[in-house]
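Topology and contacts: notes
Next come the chains, spelled out residue by residue.
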Amino acid sequence: MKPQSETELAELIREANGPLRVHGGGTRPVGRPAAATPLDISGLSGITLYEPGALTLVVAAGTSLAEVEAALAAEGQRLAFEPADWRGLLGTSGEPTIGGMVAANISGPRRIQAGACRDALLGVRFVDGTGAVVKNGGRVMKNVTGYDLVKLMAGSWGTLGVLTEVALKVLPAPEATATLILNIHPVKDVVAALSAALGSPFDVTGAAYLPDTGVLVRIEGFSGSVTYRAGRLAETLGRFGPVEIDHEPAHNFELWRRVATAAPFHNEPGNVWRISVKPSDAPGIVARLGCPVMLDWGGGLIWALAAQGRDVRSEIGPFEGHATLVRADGATRAKLSVFHPEPAPIAAISAGLRERFDPKGIFNPGIMG
Ligand SMILES: Cc1cc2nc3c(=O)[nH]c(=O)nc-3n(C[C@H](O)[C@H](O)[C@H](O)COP(=O)(O)OP(=O)(O)OC[C@H]3O[C@@H](n4cnc5c(N)ncnc54)[C@H](O)[C@@H]3O)c2cc1C
């Protein structure tokens, strides 16, 4: 089913009496496959309103991310939460959409400074499980009365409603970018260097580790300021080892694209886990993992390339955070959930929300399992 309008979509949902698999570009591998009718939202496409002066973008949910990024780039603007193209990592094809981006609440390396998709979301329109059209939020920040459904829809993975339109805050793209590179690899030293960078007053917008490069720290802004801050930060980080400062735009873009898309793991056999932790816990958890890793968010995000079949969650034992199974072979996906199991009280609230927003239980059955 591929509705061409919100009204048609609402009608389809009102009449639906069986499970629906909501998708935009379909670039995310489906969780445990459940017999559901595909509901393709890419027919609801187009930029509804774009006011560069007001830093505001309103767009239909089925619009491709590529179309939006091109329109923003033409005005020297961007989505600050740095959405990345995971098709290489996931081995999927298709055109990622804005609705899929919001439903997954995606974010990239700049999350540490700019927040995630949820934090740039100003307003939403969606159709709930009864076929009712719900509008919440608006086109400016702080426009939410009552419960903030805008934030609730970000990261709901199509289980509470089908997004038809979203309003986003966009930001200017920087004049210059520089990356400080330190060829250090022991995880304890890597996390110490990243924490020192994030604790500095130099407004770091990326703090990551690539196994084939070392520690990466990004500075963005006006070129004079970038040169000054990068120089000062290099002095601060000098105690960890020699610091190279890379000002070359194309090289900077490539480095952070590799971080955002976990490029080192693209063509490597194995399952990919994304583990959110306290940076100070990262060295211990990496030691327990004993497999290739890369780090982002100053060590708060561990990407792990684990052998197929490994239950990384139970192996690393209890920890503060959550482990998401992003890419897996069929057998592992059949036995392990994609998302970290929620503690019982949270799971009860989540089930209650799904029941309220989707009383027929038709949206993406099993996707959160
Ligand atoms: C576990 C996991 C975590 C991810 N985290 C990130 C990340 O942090 N950063 C990043 O850049 N990429 C991330 N991705 C990749 C991300 O899923 C895709 O980039 C993005 O969702 C692609 O959009 P799409 O249109 O192809 O979505 P699809 O693959 O079509 O759908 C993705 C999800 O969004 C839902 N959905 C799609 N359209 C709508 C809509 N209109 N209304 C309601 N729900 C909808 C689907 O039901 C599905 O649950 C992640 C993928 C996975 C598997």
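Look up a bit, the structure's there.
Here the residue index of a chain counts from 1 through its sequence in written order. Residues qualify for local features only when their pLDDT is at least 70, as the model is predicted, and side-chain atom pairs are given and counted only at 80 or more; totals for whole chains, interfaces and linings, by contrast, use all residues. Here the side-chain values reflect all heavy atoms present in the structure, with hydrogen atoms and water set aside.

A few words now on the overall build of the protein. Secondary structure assignment for the protein yields 14 helices and 17 strands. C-alpha atoms of the protein, sized along the principal axes, occupy 65 × 50 × 35 Å. The 369 residues of the protein split such that 53% are buried. Within the protein, contacts between residues separated by at least 24 positions form 71% of all contacts whose residues are at least 6 apart in sequence. Where helices and strands are cited, they refer to DSSP runs of H or I of at least four residues and of E of at least two residues respectively, numbered from the N terminus. Only protein chains enter the area calculation, which uses a 1.4 Å probe; residues under 20% of their type maximum are buried, those over 50% are exposed, and those in between are partly exposed. By definition, residues are in contact when any of their heavy atoms lie within 4.5 Å.

Surveying the vicinity of the ligand reveals 31 residues, the closest of which are V22, G26, T27, T97 and N364. Here a nitrogen atom of the ligand sits 3.1 Å away from a polar atom, N or O, in the main chain of S107. At 2.7 Å from an oxygen atom of the ligand is found a side-chain nitrogen or oxygen belonging to N364. Against a free-state accessible area of 940 Å², the protein chains account for coverage of 97% of the ligand. Taken together, the elements giving at least two residues each to the shell around the ligand come down to β1 (20–23), α4 (98–103) and β8 (162–169). The element contributing the most residues to the shell around the ligand is α4, with 4 residues. Throughout this entry, Asp, Glu, Lys and Arg are counted as charged residues, while Ala, Val, Leu, Ile, Met, Phe, Trp, Tyr, Cys and Pro are counted as nonpolar. The remaining residues, Gly among them, count as polar. Residue composition of the shell around the ligand, by class: 16 nonpolar, 13 polar and 2 charged. Only a single heavy atom is needed: when it lies within 4 Å of a molecule or strand, its residue is near that molecule or strand. Identification of polar contacts relies on pairs of N or O atoms within 3.5 Å, with a donor-acceptor requirement for protein atoms, meaning one able to donate a hydrogen and the other able to accept it, and with residues adjacent in sequence counted only if both atoms are side-chain atoms. Note on areas: these come from Shrake-Rupley sampling with a 1.4 Å probe, and a residue is covered only by the protein chains present in the view.

Here we come to helix α11 (residues 282–289). Here α11 has its buried residues at A282, I285, V286 and L289. Buried residues of α11, viewed axially, fall in a sector of 100°; they line one side. Of the surrounding secondary structure, the elements contacted by the buried residues of α11 are α8 (187–198), β14 (271–277), β15 (293–296), β16 (301–306) and α12 (312–316). Following α11 by one or two positions, G290 has its phi on the positive side, about 60°. To obtain the arc, one takes the directions from the helix axis to the C-beta atoms.

Once that is clear, we can look at the environment of L168. Of note, L168 is situated in strand β8. In contact with L168, other than residues within four places in its own chain, are L55, T56, L57, L79, F81, M101, A120, L121 and L122.

Moving on, we get to the sheet that holds strand β4 (residues 56–60). Being paired, for any two strands, means DSSP has found at least two bridges between them. Pairing in this open sheet of 5 strands is antiparallel, and the strands run β3-β4-β8-β6-β7 from one edge to the other. In this open sheet, the two edge strands, each paired with only one partner strand, are β3 (47–51) and β7 (133–137). Ignoring strand direction, the axes of neighbouring strands in this sheet form an average angle of 10°. Here 4 bridges tie β3 to β4, and the two strands are oriented antiparallel to one another. Across the sheet, residue I47 finds its bridge partner in β4, namely V59. Against the sheet, helix α1 (residues 6–15) touches β6 (121–127), β7 and β8, its axis set at about 50° to β6. To get an axis, a line is fitted to the C-alpha atoms, and for a helix only the part in contact is used. The angle between two axes follows their N-to-C directions and goes from 0 to 180 degrees. Each of β3 and β4 touches helix α2 (residues 65–73); the most contacted strand, β3, lies at about 25° to it.

Considering the arrangement of structural elements, one finds D296 in strand β15. Here D296 is in contact with G108, P109, A207, A208, V259 and L301, once residues within four sequence places are set aside.

Assignment of secondary structure puts G62 in the loop between β4 and α2. By relative accessible area, G62 is classed as buried at 6%. For G62 and G91, which are 29 residues apart along the polypeptide, the C-alpha to C-alpha distance reads 21 Å.

A few words now on the pattern of salt bridges. Basic side-chain nitrogens of Lys or Arg form a salt bridge, by our definition, when they fall within 4 Å of a carboxyl oxygen of Asp or Glu. Enumeration according to the criterion identifies 14 salt bridges in this entry. A salt bridge links R218 to E220, with the nearest nitrogen and oxygen atoms 3.8 Å apart. Each member of the pair, R218 as well as E220, is classed as buried. Of the charged contacts in the structure, one is a salt bridge between R310 and E315, with a shortest N-O distance of 2.5 Å. Exposure remark for E315: the relative accessible area of 40% places this residue in the partly exposed category. What you see here is one network of salt bridges that share partners, running through R78, E82, R110, R218 and E220.

Here the focus is α8. How far a helix is expected to stretch is found by multiplying one less than its residue total by 1.5 Å. Between its first and last C-alpha, α8 extends 16 Å over 12 residues, near the 16 Å set by a 1.5 Å rise per residue. Among the residues making up α8, those that are buried are V187, V190, V191, A193, L194, A196 and A197.

The next subject is the packing of aromatic side chains. Any two rings among Phe, Tyr and Trp, with Trp reduced to its six-membered ring, count as a pair given centres within 6.5 Å; such a pair is stacked if its planes are under 30 degrees apart, edge-to-face if over 60, and tilted if neither. Considering all chains together, one arrives at 3 aromatic pairs under this definition. With a centroid separation of 5.2 Å and an interplanar angle of 55°, the aromatic rings of W157 and F339 are classed as tilted. Here the residue W157 occupies a position in the loop between α7 (149–153) and β8, and F339 occupies one in the loop between α13 (330–335) and α14 (344–357), the gap between them amounting to 182 residues. Across this residue pair, the class does not change: W157 and F339 are buried.

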